[in-house]
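The chain contents come next:
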Amino acid sequence: MGFYSEKIKVGIISVATLQLLFLPKILKMANKQAFFDHINEGYTTKGDAIILGAAMLEGETLTNAFVKVPLKTLNRHGLIAGATGTGKTKTLQVLAENLSDKGIPVLLMDIKGDLSGIAQPSAGHPKIDERHAQIGLPFEAKRFPVEILTLSEQNGVRLRATVSEFGPVLISRILDLSEAQAGVMSILFKYCDDNKLPLLDLKDLKKILQYASEEGKDEIEKDYGRISPATSGSILRKIVELEQQGGDLFFGEKSFDTDDLLRIDENGRGYINIVRLTDIQDRPKLFSTFMLCLLAEIYATFPEQGDSGRPELVIFIDEAHLIFSEASGALLNQIESIVKLIRSKGVGLYFVTQNPTDVPEAVLSQLGLKVQHALRAFTAKDRKAIKLTAENYPLSDFYKTDEVLTSLGIGEALVSALNEKGIPTPLAATLMRAPMSRMDVLQDDELKDLLDGSKLIKKYNEEIDRESAYELLNKKIEIANQQEAKEKAEREKQASRQSSSSNTSRRSSRRTTSTFEKVITSPTVIRSVLGILTKMLK
């Protein structure tokens, strides 16, 4: 009995020991299953959605734990952030491709010049296949319909807008004018409207400023009030500054019709419109001017959509700090207002930048989707920024967010979206899927073929310089100068006639006096007078 008792004790100890040995693994498996269920429940959608990748826990990818973004919430705006080289551009590319596949047009700001490859399929790679096997999603290489647009003299569809389309308020905010200067700008626009003087480009705006200070000063002062030459000069200097950043290339005709951003190809896929901005990185004023004009035009022309089942257009703004860092207070307020209102038009805005702190808090608070790639903590300031970034994400029982932010690898990101009810989805460290198109630029011959096939280039690349304020004011000044010269000549002629008549009268008077004097003083007359006087005295 004692022998068996000892054996049972040994068996009991062995089971307890085994439980202790396997408990961490059992708990880990239970935790993994709980996390898998947590993700699947949080990212389940009734409508159509885009799969970004699969969730990760403790560095391990959970196959088929798909992290998805409902199409319905893509007009709620978003942020793609992360340090250089962590995969932001590839995430942008993945979103753009999938939107196009769903028949939703896209507009991309290509600052670095590395997005044109979307027009060609991916060459594939064993590492891509391995990544997609981990995610549980088959990989398919595809090309997408692409239109190349440009603000400058680069090849592509020229984007332009007229000064009149901007209006005095927007122009004043872009130029960062004071209240008094903005008032002058409104007067000038009103004068041009009343006198049918089209304001098409910056030379028109400069001409009306010069006219208001010189030839047309009295006319404008009589009907609209006095304009100080100092104020006109100050505004003129700010226009010249905008010109130096390439604003003269953007303002003019033919104006770009924003409806051309909404094109669908013959296969039902949305066009991906890529704005090439590689040559204006050092001209932030032009970039922010273009973006504000575009957003204002879209807001003014697109019909109200409300919260429809899918967006009409999605815009990705790469290197978004270029807009915000150089923007004036008035310009920032305008951008913030448009961000808040434009989603009702079915338009989603996605800001791509290195650090979320690059985006003003008022804008950041409006963003539904956040895709945060790795951040690097090299300094105390960096560590502080990471803590602030972590606080912008939902709390999680599975992650220490600030630690995860610094441990993410290339092509991995923390994701938080909105579900179809507008509630934040669970925070998920995600192994992002690879782009289906080429992750590189087009070759010169490929770019040429793409541009040659563009219908929009034929529509917009003809330069038009029709008669506008510049020419009409010059004519007005010329006519005024001719009239003034004619009147001056008439006055001089009249003065000359009067002078000639006076001289003739004086000469005639002098001739009459001279004859009389000659007669009176002649010896014969004197002798006769003396003879008469002598007789009278006798």
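Conventions used here
- Residues numbered from 1 in each chain as written.
- Predicted model: local features only at pLDDT ≥ 70, side-chain atom pairs only at ≥ 80, totals over all residues.
- Heavy atoms only, no water.
- Helix = DSSP H or I, 4+ residues; strand = E, 2+ residues; numbered from the N terminus.
- Buried < 20%, exposed > 50% of the residue type's maximum accessible area, 1.4 Å probe, protein only.
- Contact = heavy atoms within 4.5 Å.
- Areas by Shrake-Rupley, 256 points an atom, 1.4 Å probe, with all protein chains shown as cover.
- Pairing = 2+ DSSP bridges.
- Core = buried A, V, L, I, M, F, W, Y, C linked by side-chain atoms within 4.5 Å.
- Expected span 1.5 Å × (residues − 1).
- Polar contact = N/O pair within 3.5 Å; in protein donor to acceptor, adjacent residues only side chain to side chain.
- Axes fitted to C-alpha atoms, helices over the stretch in contact; angles between N-to-C directions.
- Parallel < 35°, antiparallel > 145°, perpendicular 65-115°, else oblique.
- Left-handed = near helix turned anticlockwise from the far one by under 90°.
- Nonpolar A, V, L, I, M, F, W, Y, C, P; charged D, E, K, R; others polar.
- Salt bridge = Lys/Arg side-chain N within 4 Å of Asp/Glu carboxyl O.

Here we take up the overall build of the chain. Assigned secondary structure in the chain consists of 19 helices and 12 strands. Classification of the 538 residues of the chain by burial places 47% in the buried group. Taking all contacts inside the chain whose residues are at least 6 apart in sequence as the whole, residues at least 24 apart take part in 77%. Accessible surface, the chain as shown: approximately 27,400 Å² in total, 53% of it carbon and sulfur.

Here the focus is the sheet that holds strand E6 (residues 157-158). An order of E2-E1-E12-E11-E10-E3-E9-E8-E4-E7-E5-E6 is seen for the 12 strands of this open sheet, with the pairing classed as mixed. The outermost strands of the open sheet, each flanked by one partner alone, are strand E2 (60-70) and E6.

Turning next to the pairing of strand E5 (residues 146-150). Among the 5 residues that make up E5, 5 are buried, leaving the element largely enclosed by the rest of the structure. A two-sided burial pattern is seen for E5, the buried positions comprising Val146, Ile148 and Thr150 on one face and Glu147 and Leu149 on the other. Relative to strand E7 (residues 272-276), E5 is paired through 5 bridges, and the arrangement is parallel. In the strand pairing of E7, Ile148 is matched with Ile274. Where E5 lies against E6, 2 bridges are found, and the strand directions are parallel. Bridge pairing links Leu149 to Val157 in E6.

Here we take up the pairing of strand E1 (residues 49-57). With respect to burial, E1 is a largely interior element, 9 of its 9 residues being buried. Note: E1 against E2, 7 bridges, orientation antiparallel. Within the sheet, the bridge partner assigned to Ala49 lies in E2 and is Pro70. Once E1 ends, the chain turns through 2 residues before running back antiparallel as E2, passing Glu58 with a positive phi of about 55°. Relative to strand E12 (residues 428-432), E1 runs antiparallel, the two being bridged by 4 bridges. Looking across to E12, one finds that Gly53 is bridged to Met432.

Another aspect to go through is the nonpolar core. Proteins that are soluble and globular tend to have nonpolar side chains buried together. In terms of nonpolar packing, the biggest core is built from 139 residues, with Leu108, Met109, Phe287, Ile315, Phe316 and Phe351 touching the most fellow members. For this core, the element with the highest residue contribution is helix H10 (residues 284-301), accounting for 10 residues. If sequence neighbours within four positions are ignored, Leu108 has contacts with Leu92, Ala96, Leu115, Ile118, Ile272, Asn273, Ile274, Val275 and Phe316.

Moving on to helix H8 (residues 229-244). The end-to-end C-alpha separation of H8 is 22 Å, in line with the 22 Å expected for 16 residues at 1.5 Å each. Within the span of H8, buried status applies to Thr231, Ser232, Gly233, Ser234, Ile235, Ile239 and Leu242. Capping the start of H8 is the job of one residue whose side-chain oxygen sits 3.2 Å from the backbone nitrogen of Ala230: Ser228. Downstream of H8 by one or two residues, Gly246 has phi in the positive range, about 100°.

Here we come to unusual backbone geometry. Trans peptide bonds make up the majority, and among non-glycine residues the majority have a negative phi. The peptide bond linking Glu253 to Lys254 adopts the cis configuration, its omega dihedral lying at 15°. Tracing the backbone through its elements, the reader meets Lys254 in the loop between helix H9 (247-250) and E7. The backbone of Glu58 shows a phi angle near 55°, a positive value even though the residue is not glycine. Mapped onto the elements of the fold, Glu58 is located in the loop between E1 and E2. Among the residues examined, Glu58 registers a relative accessible area of 60% and is labelled exposed. Although it is not a glycine, Asn64 sits at a positive phi angle of roughly 75°. Structurally, Asn64 can be placed in strand E2.

With that settled, the discussion passes to the packing of helix H4 (residues 163-174) against helix H5 (residues 179-194). Look at H4 against H5: their axes get within 8 Å of each other, and the N-to-C directions meet at 155°. In terms of their interaxial angle, H4 and H5 are classed as roughly antiparallel. Judged by the sense of rotation from one axis to the other, the crossing of H4 with H5 is left-handed. On H5, the residues that touch Val163, Ser164, Gly167, Pro168, Ile171 and Ser172 of H4 are Ala182, Met185, Ser186 and Phe189. Residues that form the contact of H4 with H5 fall into these classes: 6 nonpolar, 4 polar and no charged.

Counting across every chain of the model gives 14 salt bridges. One salt bridge in this structure joins Lys203 and Asp201, with 3.0 Å as the shortest N-O distance. For Asp201, a relative accessible area of 13% puts it in the buried group. A salt bridge links Arg438 to Glu446; the nearest nitrogen and oxygen atoms lie 2.8 Å apart.

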